[in-house]
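Fold and geometry: a report
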Amino acid sequence: MKFILENPEAVIENCAHRGYDVDIERIVSLDRERRETITRLDETRHGITVLGREWKNTTDQEGHRRKANALKEDRTHLEAQLEGIEEALRRILERLPNMLDPRVPVGGEEENEIVRTVGTPPSFDFAPRSHEELGRLTATIDIPRGVNVAGSRFYLLMNEAVQIRYALTDLFTKRAREQGFDLVSPPYLARRETLYASGYLPFQDKDNFTVNDSDLSLIGTSEQSLLGMHVGEILTRLPLLYLGDSMCFRTEAGSYGRDTAGILRVHQFYKLEQFVYCHPSESERYHQLCLENEEWLMRELGIPYQVVLTGSQDLGAPGRMKYDTEAWLPFQERYREMTSNTNMGDFQARRGRIRYKIDGEKGFPHTISATGFCDRLILSIMENYQQEDGSIEVPALLRPHLGSDVIPVRPAEQQRPKVR
């Protein structure tokens, strides 16, 4: 509140840049009303205390009692009034997005800034196939039977594709562990308090699968669980480096009609998530460390990619600055997001009441959440390493893990069914 009251124009501009309609004047008005009500409530409580002290010495106990009862009624009314004001204020404040880093370009996806491009897209002397078709031919992705199991936007990952997931998970985990990350396999369910602290509620309340008759939702990312670990705590050491290992579940409520082919946008996928709690002075350092890790895996695989600094309206409400890495997909002839890396500043720590106290210094830590690996990277490998007959060359990095140089085209009877 102190920041909002002292910088109303900056907050209004920030909301406009991010595409959020927040009534700052209403916030200021409610805060003024809150302060006035608190003053009146304090005066009323003081009056009740004074009357209590004078009770034994008064000659008009009946009049004294009437005054005390009237003040107590006023106190009850003011307490209810204050509760209503604070609730109204909380509901507006909880929808305020984080303040942007000055480096963030203003605008939507079209304003995303390419930071660097690494590698050259492969040139094929044949028409490249999609990962969906390659998965069917090599029996590594089965969409129709995934739909049979759970409905649209579900799939089966099979055979070498599962081995690739294991291999990439192992490679990334070893690197992160050497850097001091603790590997965490968290619950796949989180309470609403945890989702609120992370900033996913109320901004993305339709994105999570909720569990009926409970306070729980399936996590959309292990970021939510890793933040929930320390809600309400005072940290006595920084940094805390975590690597979350989990399935992720998303309703994709706002993506109707988008990426319906293949498995780029699905309800369930596997992900390793880098999550950092750090001192504010080291925020930029760890933001870049996470980005280096994301790029390392793509470089080692020989995947052409670009790093993008996302625009203000392409950035989730908790984030103050976000990088995406985007891999080249030959079938689509475009770069598509593989990982994202967001610096939240102290936004999540404040919402989650997470503080640090180290050598007498107190404050709110910064949090950084960055994809380490997710299943999308398997798709980019398939498309960039495909061969004319539909088989897939195995990148040199993965050959020791798979025990072969090629993922072959399976005989017709072993191939996965076509998507209808």
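Residues numbered from 1 in each chain as written. Predicted model: local features only at pLDDT ≥ 70, side-chain atom pairs only at ≥ 80, totals over all residues. Heavy atoms only, no water.

So, the pairing of strand 9 (residues 268-278)
For strand 9, the buried fraction is high: 10 of the 11 residues fall into the buried class. In the sheet, strand 8 (residues 240-249) pairs with strand 9 via 10 bridges, with the strands oriented antiparallel. Looking across to strand 9, one finds that Leu240 is bridged to Tyr277. Pairing of strand 9 with strand 15 (residues 366-374) involves 8 bridges; the strand directions are antiparallel. Opposite Tyr277, over in strand 15, you have Thr367 as the bridge partner. (Buried < 20%, exposed > 50% of the residue type's maximum accessible area, 1.4 Å probe, protein only. Helix = DSSP H or I, 4+ residues; strand = E, 2+ residues; numbered from the N terminus. Pairing = 2+ DSSP bridges.)

Considerations on the packing of aromatic side chains
Using the criterion set out here, one finds 7 aromatic pairs in the structure. Between the aromatic rings of Phe124 and Phe126, the centroid separation amounts to 5.0 Å while the plane-to-plane angle is 45°, which identifies the pairing as tilted. Ring centres of Tyr242 and Tyr277 lie 6.2 Å apart, and the angle between their planes is 90°; on these two criteria the pair is classed as edge-to-face. Within this pair, whereas Tyr242 is found in strand 8, its partner Tyr277 is found in strand 9, the two being separated by 35 residues in sequence. Look at Tyr277 and you get buried, because its relative accessible area is 0%. Within the aromatic cluster, the residues linked to one another by ring pairs are Tyr242, Phe275 and Tyr277. One cation-aromatic arrangement involves Arg351 over Tyr196; the distance from NZ or CZ to the ring centre is 4.0 Å. (Phe/Tyr/Trp six-rings, centres within 6.5 Å; stacked < 30°, edge-to-face > 60°. Lys NZ or Arg CZ within 6 Å of the ring centre and 35° of its normal.)

Quick word on the packing of helix 7 (residues 160-178) against helix 10 (residues 283-301)
Two elements in contact, helix 7 and helix 10, have axes whose closest approach is 11 Å; the angle formed by their N-to-C orientations is 135°. Taken together, the axes of helix 7 and helix 10 lie oblique to each other. Every pair of crossing elements has a handedness; the one defined by helix 7 and helix 10 is right-handed. Contacts between helix 7 and helix 10 involve Leu168, Leu171, Phe172 and Arg175 on the former and, on the latter, Glu292, Asn293, Glu294, Trp296, Leu297 and Leu301. Here the residues of the contact of helix 7 with helix 10 sort into 6 nonpolar, 1 polar and 3 charged. (Axes fitted to C-alpha atoms, helices over the stretch in contact; angles between N-to-C directions. Parallel < 35°, antiparallel > 145°, perpendicular 65-115°, else oblique. Left-handed = near helix turned anticlockwise from the far one by under 90°. Contact = heavy atoms within 4.5 Å. Nonpolar A, V, L, I, M, F, W, Y, C, P; charged D, E, K, R; others polar.)

Remarks on the nonpolar core
Core analysis: the biggest nonpolar cluster contains 61 residues, and Leu168 and Leu398 have the highest contact counts within it. For this core, the elements supplying multiple residues, two or more each, are helix 7, strand 8, strand 9, helix 10, strand 10 (305-309), strand 11 (321-329), strand 15 and helix 12 (376-384). In contact with Leu168, not counting residues within four places along its chain, are Leu297, Leu301, Phe373, Leu377, Ile381 and Leu398. One finds Ala197, Val231, Ala349 and Ile354 within the second-largest nonpolar core, a separate group that totals 15 residues. (Core = buried A, V, L, I, M, F, W, Y, C linked by side-chain atoms within 4.5 Å.)

Re the sheet that holds strand 7 (residues 234-235)
The 3 strands lie next to each other as 7-13-14, forming an open sheet whose pairing is mixed. The open sheet is flanked by strand 7 and strand 14 (361-363), the only strands paired with a single partner.

Observations concerning helix 6 (residues 143-150)
Listed as buried for helix 6 are Ile143, Pro144 and Gly146. Mapping the buried residues of helix 6 onto a view down its axis gives an arc of 160°, with all of them on the same face. Away from the buried face of helix 6 by more than 90 degrees, exposed residues Asn148 and Val149 are located. Buried-residue contacts for helix 6 involve helix 5 (131-138), strand 2 (141-142) and strand 3 (156-157). For helix 6, the N-terminal cap is Asp142; the gap from its side-chain oxygen to the backbone nitrogen of Arg145 is 3.0 Å. (Arc of directions from axis to C-beta. Polar contact = N/O pair within 3.5 Å; in protein donor to acceptor, adjacent residues only side chain to side chain.)

Comments concerning the environment of Gly352
Take Gly352: it is sitting in the loop between helix 11 (347-351) and strand 13 (355-358). For the pair Gly352 and Gly232, spaced 120 residues apart in sequence, the C-alpha separation works out to 6.1 Å. In this view, Gly352 contacts Ala197, Val231 and Gly232; residues no more than four positions away in its chain are not counted.

Points about helix 3 (residues 24-54)
With 31 residues, helix 3 should reach 45 Å at 1.5 Å per residue; the first-to-last C-alpha distance of 45 Å fits that figure. All buried positions along helix 3 are accounted for by Ile24, Ile27, Leu30, Asp31, Thr37, Leu41, Thr44, Gly47, Ile48 and Leu51. Structurally, the start of helix 3 carries an N-cap: the backbone nitrogen of Glu25 is 3.3 Å from a side-chain oxygen of Asp23. (Expected span 1.5 Å × (residues − 1).)

Observations regarding the sheet that holds strand 8
Pairing between the strands of a sheet is mediated by backbone hydrogen bonds and can be parallel or antiparallel. Read from one edge to the other, the open sheet built from 8 strands follows the order 1-10-11-12-15-9-8-4, with strand pairing classed as mixed. Of all the strands in the sheet, the pair left with one neighbour each is strand 1 (113-118) and strand 4 (182-184). Neighbour-to-neighbour, the strand axes of this sheet turn through a mean angle of 25°, independent of strand direction. Relative to strand 11, strand 10 runs antiparallel, the two sharing 5 bridges. Each bridged residue has a counterpart across the sheet, and for Tyr305 the counterpart in strand 11 is Ala327. In the packing of helix 7 onto the sheet, the strands contacted are strand 4, strand 8, strand 9 and strand 15, and the crossing angle to strand 9 comes to about 5°. Across the face of the sheet, helix 10 comes into contact with strand 1, strand 8, strand 9, strand 10, strand 11, strand 12 (334-343) and strand 15 while running at roughly 150° to strand 12.

Concerning the side chain of Ser217
Checked against the element boundaries, Ser217 lands in strand 6 (residues 216-218). According to the relative accessible area criterion, Ser217 is buried, its value standing at 4%. When near neighbours in sequence (up to four residues on either side) are disregarded, Ser217 contacts Tyr188, Leu189, Ala190, Leu195, Asn208, Phe209, Thr210 and Val211.

A closer look at the state of the cysteines
What the rule picks out here adds up to 0 disulfides. Here Cys278 is not cross-linked by a disulfide; its sulfur's nearest cysteine counterpart is in Cys290, at 9.0 Å. Overall, the relative accessible area of 0% leaves Cys278 in the buried class. The thiol sulfur of Cys374 is not disulfide-bonded, and the nearest other cysteine sulfur, from Cys248, lies at 8.4 Å. (Disulfide = S-S within 2.5 Å.)

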